[in-house]
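Examination of the molecular architecture
Take a look at the letters that make up each chain.
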Amino acid sequence: MLEVTGLIKRFRSRTGVVEAVRGVSFSVKAGEVLAFLGPNGAGKTTTIKMTAGLIRPDQGAVMINGLDLHHRQSAAVQHIGAVLEGSRNLYWRLTILENLLYWGSMRRIPYRQARLRAMDLLEQVGLSDRAKNTVQTLSRGMQQKVALCQALMHRPCVLLLDEPTLGLDFESSEGIKNMVRQLAADGTAILLTTHQLDVAEELSNRVAIVRGGQLILEGHTKAVLQHYSRSSYAIVTETPLPSAILARISELPGKVQVISSQRLQYVPLEGDTETLYRLLDLLKPYPLLQVGRHQADLAEVFQQVVNSEGDI
Ligand SMILES: Nc1ncnc2c1ncn2[C@@H]1O[C@H](COP(=O)(O)OP(=O)(O)OP(=O)(O)O)[C@@H](O)[C@H]1O
Ligand SMILES: [Mg+2]
């Protein structure tokens, strides 16, 4: 649905040239959510703006549904919806409804249809009773929701979301997350940028991490989490273990770390599936509070990947 290849963007400023994006490629299929992550200044927003057709790449191409976006008067733009940083695509002096209808007319939706669509979307985000209020009188979270409604007016098949839940309260961000899930289930291809890595982990099927304008990791979210989950076990006992037992445990093959007399960390040798049970055997007389395998989350993956050394 969305295919981005070899995007490059340089900005010229007084202090020199900034290479914001240095050869980024990715694709998002229908129904997929790609979490597009990276530290501040990594080039995410610049990539999203090029993908939305708002700025021209120096090199590279964006194909939407087989159409080249940066070709003159491309029809591809009709298939994209975008929510940019700080909901800057709204007119502050117009009402919510006027904003949505204006956008509808830009996307050539007949008036009556646009009105129905607008009210339906506002209902979904809980803003139908504010439809006649000007955007400047809304809170930041409400503006963010209106920006999302606007992006969805023409039922785009590609949706670009730059920090969609930033600054939203718990309930509102749950609402937006549910909308994203529903849109993906309906077949929308979604590119999601966020610094809230728990949101990214919850919503994405795939994840891409950029640093310094280049992709440094790309893969299925589940596979990435699996890859970064160390094969280590945490064991917690209800009562302190006698030192004789701790000594015997320490002699087992693999790496045993006695964190306290009630808390152990165990990393088996590669391919060793038996020693864990010998360890549990030694612990048999002592009631266990917890035995768990360490599971990495996206925050941990992000930290490891972004902080890793390496030429970029
Ligand atoms: N219009 C511009 N003129 C000059 N430099 C720019 C411009 N827009 C972005 N940059 C630079 O390009 C780099 C990438 O910026 P970008 O906004 O894409 O980062 P980001 O990944 O979205 O960061 P954040 O997480 O803070 O939103 C930064 O070094 C930024 O200063
Ligand atoms: Mg940004």
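Residues numbered from 1 in each chain as written. Chains lettered and ligands numbered in written order. Predicted model: local features only at pLDDT ≥ 70, side-chain atom pairs only at ≥ 80, totals over all residues.

Side note on the overall build of the protein chain
Looking only at helices and strands, the protein chain features 10 helices and 14 strands. At 25 Å, the protein chain has a C-alpha radius of gyration far larger than the 20 Å of a compact globule built from 312 residues. Referenced to the eigenvectors of the C-alpha coordinate spread, the extents of the protein chain come out at roughly 80 × 45 × 35 Å. Pairs at least 24 residues apart make up 66% of the contacts formed inside the protein chain by residues separated by at least 6 positions. (Helix = DSSP H or I, 4+ residues; strand = E, 2+ residues; numbered from the N terminus. Rg over C-alpha atoms; globule rule 2.2 N^0.38 Å. Contact = placed C-beta atoms within 7 Å.)

Observations regarding the site of ligand 1
Neighbouring ligand 1 are the residues Phe 11, Ser 13, Val 18, Ala 20, Gly 38, Asn 40, Gly 41, Ala 42, Gly 43, Lys 44, Thr 45 and Thr 46. No other element matches helix α1 (residues 44–51), which puts 3 residues into the shell around ligand 1. The residue inventory of the shell around ligand 1, partitioned by class, reads 4 nonpolar, 7 polar and 1 charged. (Near = placed C-beta within 6 Å. Nonpolar A, V, L, I, M, F, W, Y, C, P; charged D, E, K, R; others polar.)

A closer look at the nonpolar core
Counting residues in hydrophobic clusters, the biggest one holds 69 residues, and the most contacted among them are Cys 149, Leu 160, Ile 190, Leu 191 and Leu 192. The greatest single-element share of this core, amounting to 7 residues, is contributed by helix α4 (residues 140–152). With residues up to four places along the chain from it excluded, the contact list for Leu 192 reads Val 33, Leu 34, Ala 35, Phe 36, Leu 161, Ala 200, Leu 203 and Ser 204. (Core = buried A, V, L, I, M, F, W, Y, C linked by C-beta atoms within 7 Å. Buried ≥ 20, exposed ≤ 12 C-beta atoms within 10 Å, placed from the backbone.)

A few points about the domain arrangement of the protein chain
Along its sequence, the protein chain is carved into domain 1 (2–227) and domain 2 (230–293). Distance between the C-alpha centres of domain 1 and domain 2: 47 Å. (Domains from an automatic or database assignment.)

Some thoughts on the pairing of strand β7 (residues 158–162)
For β7, the tally of buried residues reaches 5 of 5 residues, placing the bulk of the element in the interior. Across the two faces of β7 the burial is the same, with Val 158, Leu 160 and Asp 162 and Leu 159 and Leu 161 all buried. Bridge count between strand β6 (residues 80–83) and β7: 4 bridges; the pairing is parallel. In the sheet register, Ala 82 faces β7, and the bridge partner there is Leu 160. Two strands pair when backbone bridges link them, and β7 and strand β8 (residues 189–193) are joined in this way by 5 bridges, in the parallel orientation. Its bridge partner lying in β8, Leu 159 is registered against Ile 190. Between β7 and its parallel partner β8, the chain crosses via helix α5 (residues 170–185), and the hand of that crossover is right-handed. (Pairing = 2+ DSSP bridges. Right-handed = clockwise from strand over helix to strand, strands pointing away.)

Side note on the sheet that holds strand β14 (residues 288–293)
Strand order in the open sheet made by the 4 strands is β12-β13-β11-β14, with antiparallel pairing throughout. The sheet is open, and its two borders are formed by β12 (255–260) and β14, each paired with just one other strand. Strand-to-strand twist in this sheet, taken as the mean axis angle between neighbours without regard to direction, amounts to 15 degrees. The sheet contact formed by β12 and strand β13 (residues 263–267) spans 5 bridges and is antiparallel. Across the sheet, residue Ser 260 finds its bridge partner in β13, namely Arg 263. (Axes fitted to C-alpha atoms, helices over the stretch in contact; angles between N-to-C directions.)

Here's the deal with the environment of Gly 53
Secondary-structure assignment places Gly 53 in the loop between α1 and β4 (59–64). Considered as a pair, Gly 53 and Leu 252 are 199 residues apart in the sequence and their alpha carbons are 60 Å apart. Once you skip the residues sitting within four places of it in the chain, Gly 53 turns out to touch Leu 69, His 70, Val 77 and Ile 80.

What to know about the pairing of strand β9 (residues 206–211)
Within β9, 6 of the 6 residues are buried, leaving the element largely enclosed by the surrounding structure. Burial along β9 is two-sided: Arg 206, Ala 208 and Val 210 and Val 207, Ile 209 and Arg 211, pointing in opposite directions, are all buried. Here strand β3 (residues 33–37) pairs with β9 via 4 bridges, running parallel. Residue Phe 36 lies in a different strand from β9, and its bridge partner there is Ala 208. Here β9 pairs with strand β10 (residues 214–220) via 6 bridges, running antiparallel. Residue pairing for β10: Val 207 is matched across the bridge by Gly 219. The hairpin formed by β9 and β10 contains 2 residues between the paired strands, and Gly 212 there has a positive phi angle of roughly 55 degrees.

Brief notes about the environment of Gly 213
Mapped onto the secondary structure, Gly 213 falls in the loop between β9 and β10. Between the C-alpha atom of Gly 213 and that of Leu 183, which follows or precedes it by 30 residues, the distance is 29 Å. With residues near it in sequence (within four places) discarded, Gly 213 still touches Glu 19, Ala 20, Val 21, Arg 22, Ala 42 and Gly 43.

With respect to the sheet that holds β10
Judged by pairing direction, the sheet is mixed, and its 6 strands sit side by side in the order β6-β7-β8-β3-β9-β10 without closing on themselves. Among the strands making up the open sheet, the edge pair consists of β6 and β10. Taken pair by pair, the neighbouring strands of this sheet meet at an average axis angle of 15 degrees, ignoring direction. Helix α7 (residues 221–228) contacts β3, β9 and β10 of the sheet and is inclined by roughly 100 degrees relative to β10.

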